[in-house]
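Okay, here's what each chain looks like letter by letter:
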Amino acid sequence: MCKCDPYADRPAVYNPAVTTPVVEIEKLSRRFGTFTAVDSLTLVANAGEVFGLLGSNGAGKSTTIKMLTTLLPPSSGEARVGGFSITTQPVEVRRAIGYVPQAVSVDGSLTGYENLLIFAKLYDIPRSEQQARIREQLTFVDLTADAGRLVGQYSGGMVRRLEIAQATLHRPRVLFLDEPTVGLDPIARDAVWKHLIDLRDQYGTTLFLTTHYLEDAENHCDRIAIMHMGKLAALGTLKELETSLGTGSHTLDEVFVHYAGATLDSGGNFRAVSAERTTEQRLG
Amino acid sequence: MTGTFIHPLISFVDKTFVIAEFELRKLRHDFTELITRALQPALWLLIFGQVFARSGMMHTGNIPYLDFIAPGILAQSVLFVAIFYGINVIWERDLGIVQKFLVSPTPRTALVLGKGLSAGIRTLSQAIVVYGLSLFLGVRLNWSPLALLNVFVVVVLAATLFSTFSLIIACIVKTRERFMGVGQVLTMPLFFASNAIYPTDIMPAWLKVISHLNPLTYVVDALRTSMLSGSPSTFGLGMDYAVIFLTTIVLVFIGARLYPQLGV
């Protein structure tokens, strides 16, 4: 266990002019039989950035996140996360990242405190520091008063905040989030975003997330990548993407339709849709 | 050199117990599961056991039939509880809990063994129920500390073995509906092709061969010789432990290979 300062290499304040690559994806592909879910994806996310991966259902966003979090081996290509290879150094990658899946990933039959305690132990946080770290996390996500309650009694927003606290207990360099605000009402969404941005500002954590809420990407992401049918269709800041459409003012909606297409049924599968609706139901 | 070997081993054991603790903490908040589980061994011992003991159809040597069947029912309830453990694993997959575990740096073998171990500790409640009923029915129990320790270890190991087997099935079938079907299909043959409720001597030759390949037979044999006074082991306690241990180790390694598939 490294006793060094976990924040030493992170920017105190995000500065777009200073770019240190922390997620480097090089020709990453994933095939399922004859279907290519992710097709030779190449992009870089920088330290301290809020990086949004957009796309319609089945565009390959979740498959990309699963490969970057070492849940799914790539068919070809490579990616380095926090400086480690996802194919040859998966354990080092796991120590460097946190992950909030789309589905509810905390246990409803345990208290908020217990959910954090188990992960503090799994991530080798020294015993002498565990209690202080858990208290810090609970304070950070405003759940101190509810730490002793069963998570099954939490609201959707509280569950998401606890998941963020759980996924960042070990102070990861990169936090991957798959549809972090799905199923939340506008107030809960704002609260989740406030904590995510605080996480970036206080700890220099890079946020790499998927979303299909365009306003989330518009309001909070420093850079946006749009995926379409497994491929990278566009990449840049919101301003860059808008100006890429040519003269006149354009909205992100127009940019999205331009790059991801406006067809009604572009992809996804039954399991993905079912999982998303179940998550919405559980959190909503 | 030794350090590089010992550190991962300590970490593995530590993580295994963390996973087991995670499962056991859930029990502290909800005891209903333990109470409902107590019903099945009670039915088998009080109804099936009593009726067959009266019929005199089973020839169990100089051991009364109720004494003979008590360890068998303990093994059976361990099997029945453990074999459906995979349902929890599928539930955790449908949530995002499996993914969260898999993204942590925890060794896969520790995740699988920890889950199995927690099932083992959970099934100890079955042992308490069967001991209580056996006492009530006048079964001649062996109360020596060594015998009790053996029962404790065998119950935990057997539940670890069968719950890991269950986890492997869950990794293959992936849905609750399919799991229920496969679980039902496997449980009864494992139970009936063992020495749990009748001696293997009365089995036809082909069934006898199968029963000797069935780990439940060795679990029952170990429990019978430990739980009862004056009941010699058929295979020897050493052989029973060897079969249970080796099968568990093999299953844990297979489970650790398959478990990551649930994260996809």
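See the structure printed just above.
These remarks concern the structure in this document.

Criteria and cut-off values
Here the residue index of a chain counts from 1 through its sequence in written order. Each chain gets a letter, beginning with A, and each ligand a number, beginning with 1, in the order they are written. Only residues with pLDDT of at least 70 are given local features in this predicted model, and only at 80 or more are side-chain atom pairs given and counted; all residues enter the totals for whole chains, interfaces and linings. Each helix is a run of H or I in the DSSP string that is no shorter than four residues. Each strand is a run of E no shorter than two, and both are numbered from the N terminus. Burial in this document is a count-based property: other C-beta atoms within 10 Å of a residue's C-beta are tallied, and the residue is buried at 20 or more, exposed at 12 or fewer, or partly exposed in between, with C-beta positions derived from the backbone. For every residue pair, C-beta atoms are placed from the backbone, and the pair is scored as a contact if these atoms sit within 7 Å. At least two bridges found by DSSP between two strands is the condition for calling them paired. Here the nonpolar group is Ala, Val, Leu, Ile, Met, Phe, Trp, Tyr, Cys and Pro; Asp, Glu, Lys and Arg are the charged ones; every other residue, Gly included, is treated as polar. A helix is expected to reach a length of 1.5 Å times the quantity of its residues less one. Here, the arc refers to the directions that run from the helix axis to the C-beta atoms.

Remarks on the overall build of chain A
So, point 1. In terms of helices and strands, chain A carries 10 helices and 10 strands.
So, point 2. Taken over 284 residues, chain A has a buried fraction of 49%.
So, point 3. Residue pairs at least 24 apart in sequence account for 71% of intrachain contacts in chain A once pairs closer than 6 positions are excluded.

Section: the pairing of strand β2 (residues 35-46) of chain A
All names here are of chain A.
So, point 1. Across eight bridges, strand β1 (residues 21-32) lies against β2 in antiparallel orientation. Within β2, the position partnered with P21 by the bridge is N46.
So, point 2. The turn joining β1 and β2, which pair antiparallel and follow one another in sequence, is formed by two residues; a positive phi near 65 degrees is taken by G33.

Considerations on helix α3 (residues 112-122) of chain A
All names here are of chain A.
So, point 1. The buried count for α3 comes to 11 of 11 residues, which makes it a mostly enclosed element.
So, point 2. Here α3 has its buried residues at G112, Y113, E114, N115, L116, L117, I118, F119, A120, K121 and L122.
So, point 3. Of the residues trailing α3, D124 is marked for its positive phi of about 60 degrees.

Quick look at the sheet that holds β1 of chain A
Residues and elements named next belong to chain A.
So, point 1. Taken in spatial order, the four strands line up as β2-β1-β4-β5 in an open sheet, and their pairing is antiparallel. The open sheet has two free edges, formed respectively by β2 and β5 (84-85), since each of these has just one partner strand.
So, point 2. When strand β4 (residues 76-81) meets β5, the two strands line up antiparallel, connected through two bridges. Pairing of R80 across the sheet is with S85, part of β5.

Quick word on the interface of chain B and chain A
So, point 1. Taken together, the contacts link 19 residues of chain B with 25 residues of chain A.
So, point 2. Sorting elements by how many residues they give to the side of chain B that touches chain A places helix α1 (residues 2-29) of chain B first, with six residues.
So, point 3. In the side of chain B that touches chain A, the residues fall into eight nonpolar, six polar and five charged.

Quick word on unusual backbone geometry
Peptide bonds are trans in most cases, and residues, glycine excluded, mostly fall at negative phi.
All names here are of chain A.
So, point 1. The backbone phi angle of D142 is positive, close to 60 degrees, even though this residue is not glycine.
So, point 2. Mapped onto the elements of the fold, D142 is located in the loop between α4 (127-140) and α5 (156-167).
So, point 3. Under the C-beta neighbour-count criterion, D142 is labelled partly exposed, with 15 such atoms within 10 Å.
So, point 4. In this structure, R171 is a non-glycine residue whose phi angle is positive, near 55 degrees.
So, point 5. Along the chain, the position of R171 falls in the loop between α5 and β7 (174-178).

Quick notes on α4 of chain A
Residues and elements named next belong to chain A.
So, point 1. Helix length check: α4 (14 residues) gives 20 Å between terminal C-alpha atoms against 20 Å at 1.5 Å per residue, within 8%.
So, point 2. For α4, the set of buried residues is I134, Q137 and L138. Buried positions in α4, seen along its axis, are confined to an arc of 95 degrees and lie on one side of it. For α4, the exposed residues set more than 90 degrees away from the buried face come down to S128, E129, A132, E136 and T139.
So, point 3. Next to the buried residues of α4 lie α3 and α5.

Considerations on the pairing of β7 of chain A
Each regular strand displays side chains that alternate between the two surfaces of the sheet.
All names here are of chain A.
So, point 1. For β7, the tally of buried residues reaches five of five residues, placing the bulk of the element in the interior.
So, point 2. Burial along β7 is two-sided: V174, F176 and D178 and L175 and L177, pointing in opposite directions, are all buried.
So, point 3. In the sheet, strand β6 (residues 97-100) pairs with β7 via four bridges, with the strands oriented parallel. Among the inter-strand pairings, G98 is bridged to a residue of β7, identified as L175.
So, point 4. As paired strands, β7 and strand β8 (residues 206-211) are joined by five bridges and run parallel to one another. Of the residues in β8, the one forming a bridge with F176 is F208.

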